[in-house]
Amino acid sequence: MKTTNPVLARLGQAAERERAAGYAQPGPYGQPGYPQQYPQYPQQQPYPTGHGYPAAPPAVTPMTLDDVVVKTVLMLGILGASAAAAWVLVPDALTGVAWIGAAVVGLVLGLVISFSRMANPALVVAYSIVEGVFVGMVSKTFDTFYDGIVLQAVVATFGVFFLMAMIYKARIIRATPKFARIMVAIIAGLFGVMLINLVLALFGVNTHLRDGSPLAIGFSLVCIVVASLSFVLNFAEIEDGVRMGLPQRYSWTAAFGIVVGLVWLYLEILRLLSYFQGDD
């Protein structure tokens, strides 16, 4: 069974080449399959192990599900600490500046990570910190108007995430190629609509997608459903990565995908809850 994700397919091929590099080279006697590092006998100096040959070169450590879980928890911990620090340390007068600045930097980092073929833990950690500032500023603003809404949104977000994990494990929803294509198209369309709405809002045009109207409620519900279903793609990609033996460092990339989905889901739930809080 092959993955339907072209990025994972390329990474899987790279991982296969990386694993084979230490073992497919011709040995000192010309036999295939022996690492080049084996010297010809006799050796000039004895090895500390007391054996005639050194240890084989270390194999590439493959990614596991536990690796992804650990990296996801670590990213969420960094994001949460950054959000809390921004909430406390950033003055109210600079909330808007910090909000916009973190959003722009986070978007750039997210695009770089998404389109890069190599997993970069430093970029992923930097994204967690910047996105934490953004989430902290957004949360602080909403909490100013609606007391207790942040805790409600956090609980709902993780509740939906664990529900989707159980649904995926039970194979109630499967990440078929058709499902993946539809989801990618819908997600791209939604972000296009949100970008256009943001640009129009800057020019004073109200599309009623974010003002608490019935249209806004419906749009937020659609975003929440799509964000929830995106976890199915994340889980399937993680399974494919583990099955193909991607190197352990790619667990950072897998964790990044989950955290992006969690942040999107949290922001949409936060906004939806605010629509039902009233004007007091």
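The rules behind these values
Residues numbered from 1 in each chain as written. Predicted model: local features only at pLDDT ≥ 70, side-chain atom pairs only at ≥ 80, totals over all residues. Heavy atoms only, no water. Helix = DSSP H or I, 4+ residues; strand = E, 2+ residues; numbered from the N terminus. Expected span 1.5 Å × (residues − 1). Core = buried A, V, L, I, M, F, W, Y, C linked by side-chain atoms within 4.5 Å. Buried < 20%, exposed > 50% of the residue type's maximum accessible area, 1.4 Å probe, protein only. Contact = heavy atoms within 4.5 Å. 1 Å grid on protein atoms, 1.4 Å probe; cavity = no way out; pocket = protein on both sides within 12 Å on 5 of 7 lines; lining within 4 Å. Points joined across faces, edges and corners; volume = space filled by probe spheres on them. Nonpolar A, V, L, I, M, F, W, Y, C, P; charged D, E, K, R; others polar. pLDDT = per-residue confidence, 0-100. Axes fitted to C-alpha atoms, helices over the stretch in contact; angles between N-to-C directions. Parallel < 35°, antiparallel > 145°, perpendicular 65-115°, else oblique. Left-handed = near helix turned anticlockwise from the far one by under 90°. Phe/Tyr/Trp six-rings, centres within 6.5 Å; stacked < 30°, edge-to-face > 60°. Lys NZ or Arg CZ within 6 Å of the ring centre and 35° of its normal. Polar contact = N/O pair within 3.5 Å; in protein donor to acceptor, adjacent residues only side chain to side chain.

### Some details on helix 7 (residues 214-244)
Then, in step 1: The terminal C-alpha atoms of helix 7 lie 46 Å apart, and with 31 residues this matches the ideal 45 Å at 1.5 Å per residue to within 8%.
Then, in step 2: One or two residues past the end of helix 7 sits Gly245, with phi positive at roughly 75°.

### What to know about the nonpolar core
Within soluble globular proteins, side chains that are nonpolar generally end up buried alongside one another.
Then, in step 1: Core analysis: the largest hydrophobic core is formed by 58 residues, its most contacted members being Met75, Leu190, Phe231, Trp264 and Leu270.
Then, in step 2: Every element with two or more residues in this core is listed here: helix 2 (65-89), helix 3 (95-115), helix 4 (121-145), helix 5 (149-169), helix 6 (177-202), helix 7 and helix 8 (251-275).
Then, in step 3: Examining the composition of this core, we find that 15 residues originate from one element, helix 8, more than from any other.
Then, in step 4: With sequence-adjacent residues up to four places away left out, Trp264 is seen in contact with Ile187, Leu190, Phe191, Met194, Cys223, Val226 and Ala227.

### Considering unusual backbone geometry
Then, in step 1: We note that Arg171 has phi near 60°; this positive angle belongs to a residue other than glycine.
Then, in step 2: For Arg171, the position within the fold is in the loop between helix 5 and helix 6.

### Here we look at the layout of surface pockets
Then, in step 1: Estimates place the volume of the second largest pocket at around 460 Å³.
Then, in step 2: Along the wall of the second largest pocket there are 19 residues; nearest its centre are Leu65, Val69, Phe161, Phe235 and Ile238.
Then, in step 3: Counting only elements with at least two residues in the lining of the second largest pocket, the list comes to helix 2, helix 5, helix 7 and helix 8.
Then, in step 4: Taken together, the residues of the lining of the second largest pocket sort by class into 15 nonpolar, one polar and three charged.

### Some words on the confidence of the model for the protein
Then, in step 1: For the protein, the mean per-residue pLDDT works out to 82, and 77% of the residues sit at or above 70.
Then, in step 2: In this model, residues 22-47 is a region of pLDDT below 50 whose contacts with residues beyond four sequence positions or in other chains number 38 contacts.
Then, in step 3: Low pLDDT, under 50, characterises residues 49-53; the predicted model gives this stretch seven contacts beyond four residues in sequence or across chains.

### Things to note about the packing of helix 5 against helix 7
Then, in step 1: Closest axis-to-axis distance for the helix 5/helix 7 pair is 9 Å, and the angle between their directions is 55°. In terms of axis orientation, helix 5 runs oblique to helix 7. Our pair here, helix 5 against helix 7, has a crossing hand that is right-handed. On helix 7, the residues that touch Val160, Phe161, Met164, Ala165 and Tyr168 of helix 5 are Ser228, Leu229, Phe231, Val232, Phe235, Ala236 and Glu239.
Then, in step 2: Here the residues of the contact of helix 5 with helix 7 are counted per class, giving ten nonpolar, one polar and one charged.

### Topic: the packing of aromatic side chains
Two aromatic rings are characterised by how far apart their centres lie and by the angle between their planes.
Then, in step 1: Across all of its chains, the model carries nine aromatic pairs by this definition.
Then, in step 2: Seen in terms of ring centroids, Phe231 and Phe235 are 6.4 Å apart; in terms of plane orientation they differ by 25°. Their pairing is stacked. Placement of the pair is Phe231 and Phe235 together in helix 7, with a separation of four residues, close to one helical turn.
Then, in step 3: Judged by relative accessible area, which is 0%, Phe231 ranks as buried.
Then, in step 4: Here the aromatic cluster, defined as three or more aromatic residues joined through ring pairs, consists of Phe161, Phe162, Tyr168, Phe231 and Phe235.
Then, in step 5: The ring of Tyr168 is capped by Arg171, whose NZ or CZ atom sits 4.7 Å from the centre of that ring.

### Some points on helix 4
Then, in step 1: With 25 residues, helix 4 should reach 36 Å at 1.5 Å per residue; the first-to-last C-alpha distance of 36 Å fits that figure.
Then, in step 2: Where helix 4 begins, one side-chain oxygen reaches toward the backbone nitrogen of Ala122, 3.1 Å away; that side chain belongs to Asn120.

### Some remarks on the environment of Thr157
Then, in step 1: You can see Thr157 is positioned in helix 5.
Then, in step 2: Considering only alpha carbons, one finds Thr157 and Trp264, 107 residues apart in sequence, at a separation of 9.5 Å.
Then, in step 3: Ignoring anything within four residues of it in the chain, the contact list for Thr157 reads Leu262, Leu265, Tyr266 and Ile269.

### Examining the side chain of Ser251
Then, in step 1: By the secondary structure assignment, Ser251 is in helix 8.
Then, in step 2: With a relative accessible area of 0%, Ser251 lands in the buried category.
Then, in step 3: Among residues more than four places away in sequence, those in contact with Ser251 are Met63, Asp67, Val68 and Lys71.

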